[in-house]
Amino acid sequence: MIYFSAIFDNLLQIIRFKKRPPGQSNGLMSPFLETVRIGHVKKWIHGKKILDCGCGRGRLIELIKSHYDYTGIDLDPELINYLSIKYPKSKFINGDLNKILELVPSEKYDSIILSAIIEHVTEPTSLIKNLRKLLRPDGIIIITTPNPTFETIYHYGSKLGIFDKHADEDHEDLITKDSLNEMLKKSKFSILKSYRFLFSANQIVIGRRIN
């Protein structure tokens, strides 16, 4: 179902005029890949209070609608302004994830999501440790990231306009699934699930906060 939904979504993005800012979704296949990623994320959401780090165009909130207490953070002020108007009952913050504890200092979440974001962060371990402080005792973190094995394909695909050029240029370092598992364990998370999808081109790790 995830793939059929993503194909349909991708066709809509191609044939219709998009009024919303594009974010990092300018490649021909970007809407398809984004929908598949978010479909996998959605399956693992725990609880009602959600923090979406790097919310981008707001694809997650489109899928979960108003069933959750949702907060989205993104570095793009145009996207944040657009989403704040479109979803007035949810909270959107323009800011740098490196300053996450300053952006939401007193909040506690059931689920924290980093979908296609960790590879853009200069100090991913530090970010994960900070995000742990924002989780409730049984809270979970959901992370998706590209498989480094496909890095060459991503790079040349972005040059051809298949994938988003800016997303490729902004990559700090692609992280293997095993390395991400270890990163979470060292930050006091237990691994609930870890697997690859999109024909192994992408990977997802779900960790639960250890008290």
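Residues numbered from 1 in each chain as written. Predicted model: local features only at pLDDT ≥ 70, side-chain atom pairs only at ≥ 80, totals over all residues. Heavy atoms only, no water.

Trainee: Got a minute to help me understand the overall build of the chain in this structure?
Mentor: Across its full length, the chain holds 9 helices and 7 strands. A burial count over the chain gives 52% of its 211 residues as buried. Of all intrachain contacts in the chain linking residues separated by at least 6 positions in sequence, the fraction that spans at least 24 positions is 64%. Accessible area of the chain: about 10,700 Å², with a carbon and sulfur share of 56%. (Helix = DSSP H or I, 4+ residues; strand = E, 2+ residues; numbered from the N terminus. Buried < 20%, exposed > 50% of the residue type's maximum accessible area, 1.4 Å probe, protein only. Contact = heavy atoms within 4.5 Å. Areas by Shrake-Rupley, 256 points an atom, 1.4 Å probe, with all protein chains shown as cover.)

Trainee: When you look at the confidence of the model for the chain in this model, what are you seeing that I'm missing?
Mentor: Interpretation of the predicted coordinates at a detailed level should be avoided for regions scoring low in pLDDT. Looking at the chain, the pLDDT average stands at 85 and 77% of residues meet or exceed 70. Strand 4 (residues 109-115) holds the highest mean pLDDT among the elements of the chain, 98, whereas helix 8 (residues 165-169) holds the lowest, 50. (pLDDT = per-residue confidence, 0-100.)

Trainee: Sorry, what's going on with the pairing of strand 1 (residues 49-53) here?
Mentor: In the case of a regular strand, side chains alternate between the two sheet surfaces. Within strand 1, 5 of the 5 residues are buried, which leaves the element mostly enclosed by the surrounding structure. Here strand 1 shows no split at all, with Lys49, Leu51 and Cys53 on one side and Ile50 and Asp52 on the other all buried. Where strand 1 meets strand 2 (residues 69-74), 5 bridges bridge the pair, whose relative direction is parallel. Counterpart to Cys53 in the pairing with strand 2 is Ile73. On the question of chirality, the crossover connecting strand 1 to the parallel strand 2 by way of helix 3 (residues 59-64) is right-handed. (Pairing = 2+ DSSP bridges. Right-handed = clockwise from strand over helix to strand, strands pointing away.)

Trainee: Just checking my understanding: could you explain the environment of Lys48 for this structure?
Mentor: Looking at the element boundaries, Lys48 is found in the loop between helix 2 (30-43) and strand 1. Classification of Lys48 by relative accessible area gives exposed; the value is 53%. As for Lys48 and Tyr109, which are separated by 61 residues in sequence, their C-alpha atoms are 8.2 Å apart. Excluding residues that lie within four positions of it along the chain, Lys48 makes contacts with His67, Tyr68, Asp69 and Asp110.

Trainee: I'm lost on the sheet that holds strand 3 (residues 91-94) in this one. Help?
Mentor: Each strand in a sheet pairs with its neighbour through backbone hydrogen bonds, running either in the same direction (parallel) or in the opposite one (antiparallel). Taking strand neighbours across the sheet as the criterion, the 7 strands line up as 3-2-1-4-5-7-6 in an open arrangement whose pairing is mixed. Of all strands in the sheet, those with a lone pairing partner are strand 3 and strand 6 (189-197), marking the two edges. Strand-to-strand twist of the sheet, defined as the mean angle between neighbouring strand axes without regard to direction, takes the value 15°. Looking at chain direction, strand 2 and strand 3 are connected through 4 bridges and run parallel. Residue Asp74 lies in a different strand from strand 3, and its bridge partner there is Asn94. The strands touched by helix 2 are strand 4, strand 5 (135-146), strand 6 and strand 7 (202-209); relative to strand 6, the strand with the most contacts, the crossing angle is about 145°. (Axes fitted to C-alpha atoms, helices over the stretch in contact; angles between N-to-C directions.)

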